[in-house]
Amino acid sequence: MKVLKIATAGSVDDGKSTLIGRILYDTKSLTDDKLEAIEEKSRQRGFDYLDFSLATDGLVAEREQGITIDVAHIYFSTPSKSFIIADTPGHIEYTRNMVTGASTAQASIVLIDARNGVVEQTYRHFFINNLLRIKDVVIAVNKMDLVDFSEEKFNAIKGEIEYLASKSEYKGQNLTFIPLSALQGDNVVHKSENTPWYKGETLMHHLERLEPEDINDESQTRFPVQTVIRPKTEEYHDFRGYAGKIYGGDLAVGDEVAVLPSQTKSKIKTINFFDKEFETAKRGSSVTITLEDNVNVSRGDMLVKTNEEPTIAKQLDATICWMDKEPLQASQKYYIKHGVNDAQAKITQLSSIIKTDFSGKEENPSVLELNQIGEIQLKLSKPLAFDSYEDNKSNGSFILINPKTNNTVGVGFIK
Amino acid sequence: MSNKTIQVDALESEAIYIFREVVAQFEKPVLLFSGGKDSITLVRLAQKAFYPAKIPFPLMHIDTGHNFPETIEFRDRLVKELGVELIVRDVQDNIDSGRVKEETGRYASRNMLQTETLLDAIEEFGFDACIGGARRDEEKARAKERIFSVRDDFGQWDEKNQRPEVFDMLNGKIDLGQNVRVFPISNWTELDVWSYIEQEDIEIPSIYFAHKRKIFVRDGMIWSADDAVVYRDKEEVVEERMVRFRTVGDMSCTAAVLSDAVDIAKVVEEIRDSSISERGARIDDKRSEAAMEKRKQQGYF
């Protein structure tokens, strides 16, 4: 079955966990024992209603503080498809966790409290959705019951978001606005009688209609080699297979390929998957490939079709989201992980901080702090074969790793 | 060459990608094998990831001594077929030497005691990556877990400071003494695993299928009455019923379910219609709301 991956984002108390709980409840995805546990806890705490956030806030600290700290993954299915919801934290201090959850999502739900309208957090959530180029974004205007299901309030929020969207660089996004009440269930799974002025779909109906697909648009084929398979057995004495996952486009036996960065040319001899051979393989498949010629290929090298070569360079420009307490400064050195390839990288320039409220840039800052987004230039210890993030998400993104702590400290989007 | 195009199975493809990253990034990986359906699925995925080469790491079983005999027999046969090394470390050894104390009473289980044996084995062999079959849909603390989950030398999980994991880039860089727990089927659900077992025609231990067994009922759960390790009060009545097990853990904390699913197709059907979660039959998770999180902080897998 196909899986649709959705990220959710909202500020504290926007009712994000309640919404997810409501979806699970109304789609009958909560099992009896889980529902019992929620009923019992809600009773114990003296709540008047079922606290669905208890289904998703899995850490003790989260339940204590009533907030989401880290991404939770929630799984459910309807007769037509399977869903994974990455429930991401709304707090500014957990922005990095939000990016983690949203990076692999195809669609995203941004929650807004109808009483408060668009707040600073909303700008940020919307900005990150645009930075990641998430194709389908649902603006869920929640707690409509507390504003008497006012069409005026809803339209005011819609207008503000549309204004932000007009300022965004990313124009390929589908925006959908839905008025709802997660607590009472209006327009979540069932159409509400309280919003006769709303002619659109319910949230679930909308999500059901989205076609699950790779987060990478179809583009040029990229095959980064993860490992070389050499069985060294009697039967497969000379077998030399290149194992990896295909991104962007398809590969077929007989395709002329270039090995990057060396640019050696060869042809695909076989495409193997487990104990069978295939003529073609589509993007998204993890396969093992053998080549006609005995060429030198190792981990981190990339196979591409000969007329589809990406940029090969020892420097790059990128937008970066900083994820570490220790700020980024120009002239610092990091490890860069670009797909399955590693190199060293030096920050040669920190040119700006991009404001997440779409109000512009701060030029030539001295540092980039935790959860800030900036523009940098990197010098690399060896040439990498990359695309822009716009052209190819997987081959246009990278992470930076602090060599002292081994932590992942930033995620970059190549220009 | 009769096959045209590979059918893309996103979950399978992701798991294979993760296995290959483990072998490329770590020096001494090991696959934690319990004989349960999740670890059996991992073995098939590992075979696929490295074929025609053999699985390039050993399997390790942390043996509570409370296994269903069918599981052990199955394990030994599988390992022989694969031609891979099997390491077994016994919880009993730590109990005998007095390093850990066995629980007593009607809810006693050796599940918690596995942690100490696992950590000892990691140190003994110098494993830097332990591959496990945990899934995020199992339990809400598991739902927070990364695919590469870094543990310190006490095996502790620092749940509030996990490394960001963006796109499919996996950062396996660690300090000496640290190790990584790897979960290739993180994004699979119980139903996904069963459907895969059906689709791939993977053999699994017989206790997963409905069979006649002597059982008794306690707290609304069904316990095996055949086995000495399952504590039973004298007044608890034994009867014979058709049952099967949904998970295969320590016998003393794994309950059975009434079922007539005698083959894989019927099991898949049963899981699809089930209104009880998989871990609903694991008494160890019912101890408290934070039972799993606490165990993980202490190094449980």
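Computed from a prediction, not measured in an experiment: that's the story for all the values here.

*Asks:* Explain the overall build of chain B to me, please; I cannot follow it from the model alone.
*Replies:* Looking only at helices and strands, chain B features eight helices and eleven strands. Here chain B has a C-alpha radius of gyration of 19 Å; the compact-globule value for 301 residues is 19 Å, and the two agree. Reported as C-alpha extents along the three principal axes, the dimensions of chain B are approximately 55 × 55 × 35 Å. Across the 301 residues of chain B, 50% fall into the buried class. Taking all contacts inside chain B whose residues are at least 6 apart in sequence as the whole, residues at least 24 apart take part in 76%.

*Asks:* Just to check I follow, could you spell out the overall build of chain A for this structure?
*Replies:* Assigned secondary structure in chain A consists of seven helices and 23 strands. The globule rule puts the C-alpha radius of gyration for 415 residues at 22 Å, and the 24 Å found for chain A is close to it. Counting every position in chain A, which comprises 415 residues, the buried fraction comes to 47%. Relative to all contacts within chain A whose residues are 6 or more apart in sequence, the contacts with residues 24 or more apart total 70%.

*Asks:* It is not clear to me how helix H3 (residues 69–82) of chain B should be interpreted in this structure. Could you clarify?
*Replies:* Two residues of an α-helix separated by three or four positions point the same way, owing to the 3.6 residues in each turn. Helix length check: H3 of chain B, at 14 residues, gives a terminal C-alpha distance of 20 Å against a target of 20 Å (1.5 Å per residue), a fit within 8%. Where H3 of chain B ends, the next residue or the one after it, Gly83 of chain B, has phi of about 70 degrees, a positive value.

*Asks:* What am I meant to see in the pairing of strand E14 (residues 302–305) of chain A here?
*Replies:* On a regular strand, one side chain projects to one face of the sheet and the next to the other, so that they alternate. Residues and elements named next belong to chain A. Burial along E14 is two-sided: the residues Met302 and Val304 and Leu303 and Lys305 are all buried. Relative to E14, strand E7 (residues 223–229) is paired through two bridges, and the arrangement is antiparallel. Each bridged residue has a counterpart across the sheet, and for Pro224 the counterpart in E14 is Met302. Bridge count between strand E10 (residues 256–260) and E14: four bridges; the pairing is antiparallel.

*Asks:* For this particular structure, what's the right way to read the interface of chain B and chain A?
*Replies:* Of the residues lining the interface, 46 residues belong to chain B; the matching set on chain A comes to 59 residues. Put simply, the parts of the chain that give the side of chain B that touches chain A at least two residues each are strand E1 (3–5), helix H1 (10–25) and helix H2 (37–50) of chain B. If you tally residues by element for the side of chain B that touches chain A, the top one is H1 of chain B, at eight residues. In terms of residue class, the side of chain B that touches chain A is built from 21 nonpolar, ten polar and 15 charged. One ladder, built from two bridges, connects strand E12 (residues 276–281) of chain A with E1 of chain B; its direction is parallel. Bridging across to E1 of chain B, Thr280 of chain A finds its partner in Thr5 of chain B.

*Asks:* Honestly, the packing of H1 of chain B against H2 of chain B in this entry has me stumped. Any pointers?
*Replies:* Packed helices, taken two at a time, are described by the angle between their axes plus the distance between the axes. Residues and elements named next belong to chain B. The N-to-C vectors of H1 and H2 enclose an angle of 70 degrees; their axes lie 9 Å apart at closest approach. By the angle between their axes, H1 is roughly perpendicular relative to H2. Counted together, Glu12, Ala15, Ile16, Phe19 and Arg20 of H1 and Leu45, Ala46, Lys48 and Ala49 of H2 form the full contact between these two elements. Its residues placed into classes, the contact of H1 with H2 shows six nonpolar, no polar and three charged.

*Asks:* For this particular structure, what's the right way to read unusual backbone geometry?
*Replies:* Of all residues except glycine, most have a negative phi; of all peptide bonds, most are trans. That bond from Leu260 of chain A to Pro261 of chain A is cis: its omega, 10 degrees, falls within 30 degrees of zero. Among the secondary structure elements, Pro261 of chain A is positioned in the loop between E10 and strand E11 (264–273). Cis geometry is found at the peptide bond from Tyr51 of chain B to Pro52 of chain B, where omega equals 5 degrees. Inspection of the secondary structure assignment puts Pro52 of chain B in the loop between H2 and strand E3 (59–63). Even without a glycine there, the phi angle at Phe358 of chain A is positive, about 65 degrees. Take Phe358 of chain A: it is sitting in the loop between strand E18 (341–354) and strand E19 (361–363). In the Ramachandran plot, Asp219 of chain B falls in the positive-phi region, its phi being about 50 degrees despite a non-glycine side chain.

*Asks:* Just to check I follow, could you spell out helix H4 (residues 95–102) of chain A for this structure?
*Replies:* Residue and element names in this part refer to chain A. H4 sits mainly inside the fold: eight of its eight residues count as buried. What H4 keeps buried is the set Thr95, Arg96, Asn97, Met98, Val99, Thr100, Gly101 and Ala102. Turning to H4, the residues buried within the fold contact strand E1 (3–9), strand E3 (82–87), strand E4 (107–113), helix H5 (120–131), strand E15 (311–322) and strand E23 (408–414).

*Asks:* Can you help me understand the sheet that holds E3 of chain A in this one?
*Replies:* The strands making up a sheet associate through hydrogen bonds between their backbones, and the pairing can be parallel or antiparallel. Residues and elements named next belong to chain A. Within the open sheet, the six strands sit side by side as E2-E3-E1-E4-E5-E6. Their pairing is mixed. Two strands close off the open sheet at either side, each with one partner strand: strand E2 (72–77) and strand E6 (174–179). Mean inter-strand twist for the sheet, computed between neighbouring axes without regard to direction, equals 25 degrees. Pairing of E1 with E3, which is carried by six bridges, proceeds in the parallel orientation. Residue pairing for E3: Ala7 is matched across the bridge by Ala86.

*Asks:* Is there a simple way to think about the environment of Ser394 of chain A in this case?
*Replies:* Take Ser394 of chain A: it is sitting in the loop between strand E21 (373–386) and strand E22 (397–401). For Ser394 of chain A, a count of 22 C-beta atoms within 10 Å translates into the label buried. Once residues within four sequence positions are removed from consideration, Ser394 of chain A is found in contact with Asn216, Arg222, Tyr247 and Gly339 of chain A together with Phe167 of chain B.

*Asks:* Got a minute to help me understand the environment of Ala252 of chain A in this structure?
*Replies:* Residue and element names in this part refer to chain A. Inspection of the secondary structure assignment puts Ala252 in strand E9 (residues 251–252). Exposure remark for Ala252: the 15 C-beta atoms within 10 Å place this residue in the partly exposed category. Residues Ala252 and Ile268, 16 residues apart in the sequence, show an inter-C-alpha distance of 7.2 Å. When near neighbours in sequence (up to four residues on either side) are disregarded, Ala252 contacts Ile268, Glu279 and Thr280.

Rules used throughout
- Sequence order sets the numbering: in each chain, residues are counted from 1 along the sequence as written.
- Chain A is the first chain written and ligand 1 is the first ligand written, with later ones labelled in order.
- This being a predicted model, a pLDDT of at least 70 is required before a residue's local features are given, and a value of 80 or more before pairs of side-chain atoms are given or counted; all residues contribute to the totals for chains, interfaces and linings.
- Strands are runs of DSSP state E lasting at least two residues, helices are runs of H or I lasting at least four, and both sets are numbered from the N terminus onward.
- Every radius of gyration here is taken over C-alpha atoms, with the globule rule written as 2.2 Å times N^0.38, N being the number of residues.
- Exposure in this text rests on C-beta crowding, where 20 or more other C-beta atoms within 10 Å of a residue's own make it buried, 12 or fewer make it exposed, and counts in between make it partly exposed. The C-beta atoms are placed from the backbone.
- Each residue is represented by a C-beta atom placed from its backbone, and any two residues with such atoms within 7 Å are regarded as in contact.
- Take the number of residues in a helix, subtract one, and multiply by 1.5 Å to get its expected span.
- At least two DSSP bridges between two strands are required for those strands to pair.
- Under this grouping Gly is polar, as are all residues other than the nonpolar Ala, Val, Leu, Ile, Met, Phe, Trp, Tyr, Cys and Pro and the charged Asp, Glu, Lys and Arg.
- Axes, fitted as lines to C-alpha atoms, cover a helix only where it is in contact. Angles between the N-to-C directions of the axes lie from 0 to 180 degrees.
- The scheme is simple: roughly parallel for angles under 35 degrees, roughly antiparallel for over 145, roughly perpendicular for 65 to 115, oblique for anything else.

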